[in-house]
Amino acid sequence: MITPILSPEVTEALAESRAVVALESTIITHGMPWPQNLETAQDVEQTVRDAGAVPATIAVIDGVLHAGLTGPQLEALAQAKGVAKLSRADLAVCMAQGRTGATTVAATMIGAQLAGIEVFATGGIGGVHQGADQSFDISADLHELARTPVTVIAAGAKAILDLPKTLEVLESLGVPVMAYGQNDFPAFWSRASGLDAPLRVDSAAEVARAHRMRAGLGLVGGQLVANPIPSEDEIPLRELAPVIAAAQEDAQARGVTGKAVTPFLLQRIYDLTGGRSLEANIALVHNNARLAAAIARELCGDAL
Ligand code: PSU
Ligand code: MN
């Protein structure tokens, strides 16, 4: 098996069985504009450290899979042009061609597992897109959650998705979806989607126990922890709904499809909210990083 190249701090933490949290890189290259993308990536790594865990940002650089980037690698990635957006389907080809690619939730889970990291914090997972009955656009993230044993902390799924169908697919795939501290499934920029999450947890310890329990039962796959954005940072869904609808109409009118859909919608919503969506996005990623660190600490017996 290929082992990712680990940064010195990740090597040390794993050798000493200390808490490590994986972070994705597509959010840096395709999810946020420069220079907030670099600033956020650096700050989120620091949030993980402040919460007592070690961050491992995952990416492919010149054909090599890394878990834990150095400062210069992170800076270069945040400014690089033409970086591939990697999911399960394209990870190996990118590496074989010696190219650079940012990992989505799906590819980050694969990298985390290869590195021996069990917990991963992101913003929002991909899911079933609106109009999927015609486009068949369903993120590979959902299938990855069904097969790779990593606990993913996200602020639910992005409200640009068809959330009821996303929850249905996750249920069909046997993925545990647990809202953290509330009953409602969160909708990324908003705390509430109006849909009940299938499961609810109220502590990092419960999530860690469930992670171990799944392994003990021989159940393949990961878990999704849906952590609501803090109230002071949220944009309520009723405010955001018309913006999302407008962005979706634009995407349709311009014929945006495939991998380009999520980055296009995020950029349009950023424009239409005058940057407010980005502020919310940054806040929720930090919030997820803190919870992920607490779960990772529980898993290695280093609870606060
Ligand atoms: N969360 C964010 N911003 C992002 C993404 C997640 O806050 O840009 C990325 C993730 O990498 C996720 C991907 O895996 O969007 C989903 O893309 P798609 O819908 O094409 O599967
Ligand atoms: Mn897609």
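Computed from a predicted model, the values in this text were never measured in an experiment.

Reading guide: rules and limits
In this convention, every chain numbers its residues from 1, walking through the sequence in written order. Chain labels run from A onward and ligand labels from 1 onward, assigned in the order the entries are written. Totals for whole chains, interfaces and linings use every residue, but because this is a predicted model, local features are given only for residues with pLDDT of at least 70 and side-chain atom pairs only at 80 or more, for both listing and counting. Here a helix means four or more residues in a row that DSSP labels H or I, a strand means two or more in a row labelled E, and each is numbered from the N terminus. Throughout, radius of gyration means the C-alpha value; the globule benchmark is 2.2 Å times the number of residues raised to the power 0.38. Note on burial: count the other C-beta atoms lying within 10 Å of the residue's C-beta; 20 or more is buried, 12 or fewer is exposed, in between is partly exposed, and C-beta positions come from the backbone. Whether two residues are in contact is decided by their C-beta atoms, placed from the backbone, lying within 7 Å. Note on definitions: a residue is near a molecule or strand provided its C-beta atom, placed from the backbone, lies within 6 Å of it. Each residue gets one label: Ala, Val, Leu, Ile, Met, Phe, Trp, Tyr, Cys and Pro are nonpolar, Asp, Glu, Lys and Arg are charged, and the others, such as Gly, are polar. The arc in question is the one spanned by the directions pointing from the helix axis to the C-beta atoms. Pairing between strands requires that DSSP locate at least two bridges from one strand to the other. Residues enter a nonpolar core if they are buried, belong to Ala, Val, Leu, Ile, Met, Phe, Trp, Tyr or Cys, and are joined to the set through C-beta atoms within 7 Å. Comment: axis = line fitted to C-alpha atoms, over the contacting stretch for helices; angle = value between 0 and 180 degrees taken between N-to-C directions. Oblique is the label for any angle not covered by the other classes, which are roughly parallel (under 35 degrees), roughly antiparallel (over 145) and roughly perpendicular (65 to 115). Each helix crossing is assigned a hand: it is left-handed if the near helix lies turned anticlockwise from the far helix by less than a right angle, otherwise right-handed if that turn is clockwise. For every residue, the predictor states its confidence as a pLDDT score lying anywhere from 0 to 100.

**Concerning the overall build of the chain**
Alright, step 1. A count of helices and strands for the chain gives 13 helices and eleven strands.
Alright, step 2. For 304 residues, the compact-globule estimate of 2.2 N^0.38 gives 19 Å, and the chain sits close to it at 18 Å.
Alright, step 3. Overall, the C-alpha framework of the chain stretches about 50 × 40 × 35 Å when taken along its three principal axes.
Alright, step 4. For the chain, the proportion of its 304 residues judged to be buried stands at 54%.
Alright, step 5. Considering only residue pairs separated by 6 or more positions, the chain has 75% of its internal contacts joining residues 24 or more positions apart.

**As for the site of ligand 1**
Alright, step 1. In the region of ligand 1, 18 residues are neighbours, and G31, T104, G123, G126 and S139 sit closest.
Alright, step 2. Of all elements in the fold, only α2 (26–31), α8 (140–147) and α12 (261–272) reach the threshold of two or more residues within the shell around ligand 1.
Alright, step 3. Among the elements that take part in the shell around ligand 1, α2 stands out by supplying four residues, more than any other.
Alright, step 4. Its residues placed into classes, the shell around ligand 1 shows four nonpolar, eleven polar and three charged.

**Some words on helix α4 (residues 71–79)**
Alright, step 1. Residues of α4 that are buried: L74, L77 and A78. Along the long axis of α4, the arc covered by the buried residues comes to 100°, so they all point the same way.
Alright, step 2. On the buried face of α4, the contacting elements are α2, α3 (36–50), β3 (54–61) and β6 (101–103).

**Some details on the pairing of β3**
Alright, step 1. For β3, the tally of buried residues reaches eight of eight residues, placing the bulk of the element in the interior.
Alright, step 2. Judged by which residues are buried, β3 turns out to be covered on both faces: V54, A56, I58 and V60 on one side and P55, T57, A59 and I61 on the other are all buried.
Alright, step 3. For strand β2 (residues 20–23) and β3, the ladder comprises four bridges, and the chain directions are parallel. Each bridged residue has a counterpart across the sheet, and for V21 the counterpart in β3 is P55.
Alright, step 4. With four bridges connecting them, β3 and strand β4 (residues 64–67) associate as antiparallel partners. Each bridged residue has a counterpart across the sheet, and for I61 the counterpart in β4 is V64.
Alright, step 5. Taking the residues between adjacent antiparallel strands as the criterion, β3 and β4 are bridged by two residues, where D62 takes a positive phi near 45°.

**Re the nonpolar core**
Alright, step 1. Counting residues in hydrophobic clusters, the biggest one holds 104 residues, and the most contacted among them are V20, V21, A56, V152, A292 and I295.
Alright, step 2. Among the elements that make up this core, the one with the highest residue count is helix α13 (residues 276–299) (13 residues).
Alright, step 3. If we skip the residues at most four places from it in the chain, V20 touches V10, A13, L14, A53, V54, A56, I117 and A296.

**Digging into the pairing of β4**
Alright, step 1. In this sheet, β4 lies alongside strand β1 (residues 5–6) in parallel orientation, the contact comprising two bridges. Within the sheet, the bridge partner assigned to L6 lies in β4 and is A67.

**Structural notes on the environment of R99**
Alright, step 1. Tracing the chain through its elements places R99 in the loop between α5 (91–96) and β6.
Alright, step 2. Distance in space between the C-alpha atoms of R99 and V60 is 7.5 Å, their sequence separation being 39 residues.
Alright, step 3. Here R99 is in contact with G63, A84 and C94, once residues within four sequence places are set aside.

**What about the packing of helix α11 (residues 237–253) against α12?**
Alright, step 1. At a closest axis distance of 9 Å, the pairing of α11 and α12 adopts a crossing angle of 130°. One way to sum up the angle between α11 and α12 is to call them oblique. For the pair α11 and α12, the sense of crossing is right-handed. Between α11, through V243, I244, A246, A247, Q248, D250 and A251, and α12, the contact on the second element is made entirely by V261, F264, L265, R268, I269 and L272.
Alright, step 2. Of the residues in the contact of α11 with α12, the class split is ten nonpolar, one polar and two charged.

**What to know about the environment of D62**
Alright, step 1. Along the chain, D62 falls in the loop between β3 and β4.
Alright, step 2. Residues D62 and R212 lie 150 residues apart in sequence; the distance between their C-alpha atoms is 35 Å.
Alright, step 3. If we skip the residues at most four places from it in the chain, D62 touches G98 and T100.

**Section: the confidence of the model for the chain**
Alright, step 1. In the predicted model, the chain carries a mean pLDDT of 96, and the fraction of residues at 70 or more is 100%.
Alright, step 2. The ipTM, which scores confidence in the relative placement of chains, is 0.94 for this predicted complex, and the corresponding pTM is 0.96.

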